[in-house]
Amino acid sequence: MIVLVTGSNGLLGQKIIEQLKNKDNKIIATSKGSNRNSNNNSFIYEDLDITNKEQLSCVLNKYKPEVVFNTAAMTNVDLCELEKDLCKKVNVKAVEYLADICFDLDAHLIHISTDFIFDGNDGPYNEDDVACPLSYYGQSKLDSENILKSHKCKWTILRTIVLFGVAKNLTKSNIVLWAKEQLESSKIINIIDDEFRAPTLADDLAYACIYSAKNKVFGVYHISGKDIMSIYDMVISIANYFNLDKNLINRISSKELSQVANRPKKTGFVLEKAKKQLNYHPKSFDDSLQYIDKQLTNQNN
């Protein structure tokens, strides 16, 4: 396949490239700024601002990919609430541009969405449940989904939850690496106990992305971890696995954080559709921690 990855410097972008390399694929990695992916001998890199329609069209028409993995997004929920114009450019308008160009190229667009399109009152959710976002971030991702659903391009939407994993030169951490680093530094951390998610190993989501591409699977799919737990229980599990001091974990409610954007209380996904149609079988959270531990060991050797 000829594939193009937006957001290739990010966690998911790196995982997709990692799983596609050393196979009969031509990979075009794109991100804003310089390349930070260490597998740079296995792909072509282009500095790309996905909010620039002319630049986006130029790059895609240059390589004419068969598949576009759109992993680029503005995901800081509070920042999206504060900078709505920027959020709309990155999460909505860029998807519209991609859909138009992919239609012209007859390319398959695989787009990442989120559990934050739901209000958290009736989780876990299946693909057909009614969306009701509580934040501008959630609304922007729902808007991007609606663009694709009404578009004539070939598309797949993969919704996910609390992505975590190991990659190099990341500018943004994730729940597992952040909690591990804080506890290893003997820092007291405040963790909320009243929001429930199904944390997702990035390697598992990358697998679902690639399976969708290879098998030309279209539609909406829920891709997450198999375990639904509170954020607090996630961090307790991280502390237990890495033998870190649980006394440093301060249990609080979400109200005590005074966050700018509202968040759903309980999400989680029903995974039956993905299991049947994408052969998707995610690791448990504990197995994922073991998997990450091995990756960190290999990275440090």
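Just so it is clear, the model here is predicted, and its values are computed rather than measured.

*Asks:* It is not clear to me how helix α5 (residues 136-149) should be interpreted in this structure. Could you clarify?
*Replies:* Since the α-helix advances by 3.6 residues per turn, residues separated by three or four positions end up pointing in the same direction. Over its 14 residues, α5 extends 20 Å from the first C-alpha to the last, a length consistent with the 20 Å expected when each residue adds 1.5 Å. The secondary structure elements touched by the buried residues of α5 are α3 (77-82), α4 (84-105), β5 (108-114) and β6 (154-160).

*Asks:* What is the right way to read the packing of helix α6 (residues 175-184) against helix α8 (residues 231-241) from this model?
*Replies:* Two quantities define a packed helix pair, namely the angle between the axes and the distance from one axis to the other. Packing of α6 against α8 leaves a shortest axis separation of 10 Å and a crossing angle of 60°. Judged by the angle between their axes, α6 and α8 are oblique. As for how α6 packs across α8, the hand of that crossing is right-handed. When α6 is examined against α8, the residues Ile175, Val176, Ala179, Lys180 and Leu183 are found in contact with a partner set consisting of Ile231, Met234, Val235, Ile238 and Ala239. Among the residues forming the contact of α6 with α8, the class breakdown is nine nonpolar, no polar and one charged.

*Asks:* When you look at the packing of aromatic side chains in this model, what are you seeing that I'm missing?
*Replies:* In this description, an aromatic ring pair is defined by two values, namely the gap between the centres and the angle between the planes. Taken as a whole, this structure holds five aromatic pairs when the rule is applied. When the ring of Phe164 is compared with that of Phe285, the centres are 5.5 Å apart and the planes differ by 75°; the resulting orientation is edge-to-face. Placement of Phe164 in strand β7 (residues 163-164) and of Phe285 in helix α10 (residues 285-300) is noted, with a sequence separation of 121 residues between them. Residues Phe164 and Phe285 agree in their burial class; the two are buried. Look at Tyr207 and Tyr211: their rings are 5.9 Å apart centre to centre, the planes differ by 40°, and that puts the pair in the tilted class. Pair noted here: Tyr207 and Tyr211 are both in helix α7 (residues 202-214), with a separation of four residues, about one helical turn. Judged by its relative accessible area of 23%, Tyr211 is partly exposed.

*Asks:* Which parts of the structure should I look at to understand a nonpolar patch on the surface?
*Replies:* Taken together, the side chains of Leu79, Leu82 and Val260 present a nonpolar region at the surface, about 270 Å² in accessible area. By the secondary structure assignment, Leu79 is in helix α3.

*Asks:* How should I be thinking about the sheet that holds strand β1 (residues 2-6) in this particular structure?
*Replies:* If you trace the seven strands from one edge of the open sheet to the other, you get β3-β2-β1-β4-β5-β6-β11, paired in parallel fashion. The open sheet has two edge strands with one neighbour each: β3 (44-47) and β11 (219-222). Strand-to-strand twist across the sheet, computed as the mean angle between neighbouring axes with direction ignored, equals 20°. Summarising the sheet, strand β2 (residues 26-31) and β3 pair through four bridges and their orientation is parallel. Counted as the bridge partner of Ile28 is Ile44 from β3. Against the sheet, helix α1 (residues 11-20) contacts β1, β2, β4 (67-70) and β5, and its axis sits at roughly 160° relative to β1. Contacts from α5 reach β5, β6 and β11, with the element oriented near 155° to β5.

*Asks:* Would you mind showing me how to read the side chain of Arg197 here?
*Replies:* Its location among the elements puts Arg197 in strand β9 (residues 196-197). Assessed through its relative accessible area of 3%, Arg197 is described here as buried. At 3.4 Å, the side chain of Arg197 and the side chain of Glu195 are in polar contact. Here Lys265 takes part through its backbone oxygen, which lies 3.5 Å from a polar atom of the side chain of Arg197.

*Asks:* What is the right way to look at the side chain of Thr114 in this model?
*Replies:* Secondary-structure assignment places Thr114 in strand β5. Accessibility expressed as a relative area gives 5% for Thr114, which makes it buried. Polar side-chain contacts of Thr114 include one of 3.1 Å to the side chain of Asp115. A distance of 3.0 Å separates a polar atom in the side chain of Thr114 from the backbone nitrogen of Phe116. Among residues more than four places away in sequence, those in contact with Thr114 are Tyr137, Lys141, Arg159, Thr160 and Phe269.

*Asks:* How do you make sense of unusual backbone geometry when you look at a structure like this?
*Replies:* Leave glycine aside and you will find that most residues have negative phi; peptide bonds, for their part, are mostly trans. A cis geometry characterises the amide bond from Gly123 onward to Pro124, with omega recorded as 0°. With respect to the secondary-structure elements, Pro124 resides in the loop between β5 and α5. One non-glycine residue, Lys64, lies in the positive phi region at around 45°. Here Lys64 lies in the loop between α2 (53-63) and β4.

*Asks:* I would appreciate a short explanation of the pattern of salt bridges in the present structure.
*Replies:* Charged atoms that come close allow side chains of opposite charge to pair. Inspection of every chain in the model, using the stated rule, returns 14 salt bridges. Close ionic contact of Asp106 with Lys154 constitutes a salt bridge, the shortest N to O distance being 3.3 Å. One end of the pair, Asp106, is in the loop between α4 and β5; the other, Lys154, is in strand β6, and 48 residues separate them in sequence. The exposure class assigned to Asp106 is exposed, which follows from its relative accessible area of 53%. Of the charged contacts, one joins Arg197 and Asp115 as a salt bridge, the two residues approaching to 3.9 Å between their closest N and O atoms. Taken together, the positions of Arg197 in strand β9 and Asp115 in the loop between β5 and α5 put the pair 82 residues apart, joining distant regions of the chain.

Rules behind the numbers
Residues numbered from 1 in each chain as written. Predicted model: local features only at pLDDT ≥ 70, side-chain atom pairs only at ≥ 80, totals over all residues. Heavy atoms only, no water. Helix = DSSP H or I, 4+ residues; strand = E, 2+ residues; numbered from the N terminus. Expected span 1.5 Å × (residues − 1). Contact = heavy atoms within 4.5 Å. Axes fitted to C-alpha atoms, helices over the stretch in contact; angles between N-to-C directions. Parallel < 35°, antiparallel > 145°, perpendicular 65-115°, else oblique. Left-handed = near helix turned anticlockwise from the far one by under 90°. Nonpolar A, V, L, I, M, F, W, Y, C, P; charged D, E, K, R; others polar. Phe/Tyr/Trp six-rings, centres within 6.5 Å; stacked < 30°, edge-to-face > 60°. Buried < 20%, exposed > 50% of the residue type's maximum accessible area, 1.4 Å probe, protein only. Patch = residues over 30% accessible without salt bridge, like charges linked within 9 Å, V, L, I, M, F, W, Y side chains within 5 Å. Areas by Shrake-Rupley, 256 points an atom, 1.4 Å probe, with all protein chains shown as cover. Salt bridge = Lys/Arg side-chain N within 4 Å of Asp/Glu carboxyl O. Pairing = 2+ DSSP bridges. Polar contact = N/O pair within 3.5 Å; in protein donor to acceptor, adjacent residues only side chain to side chain.

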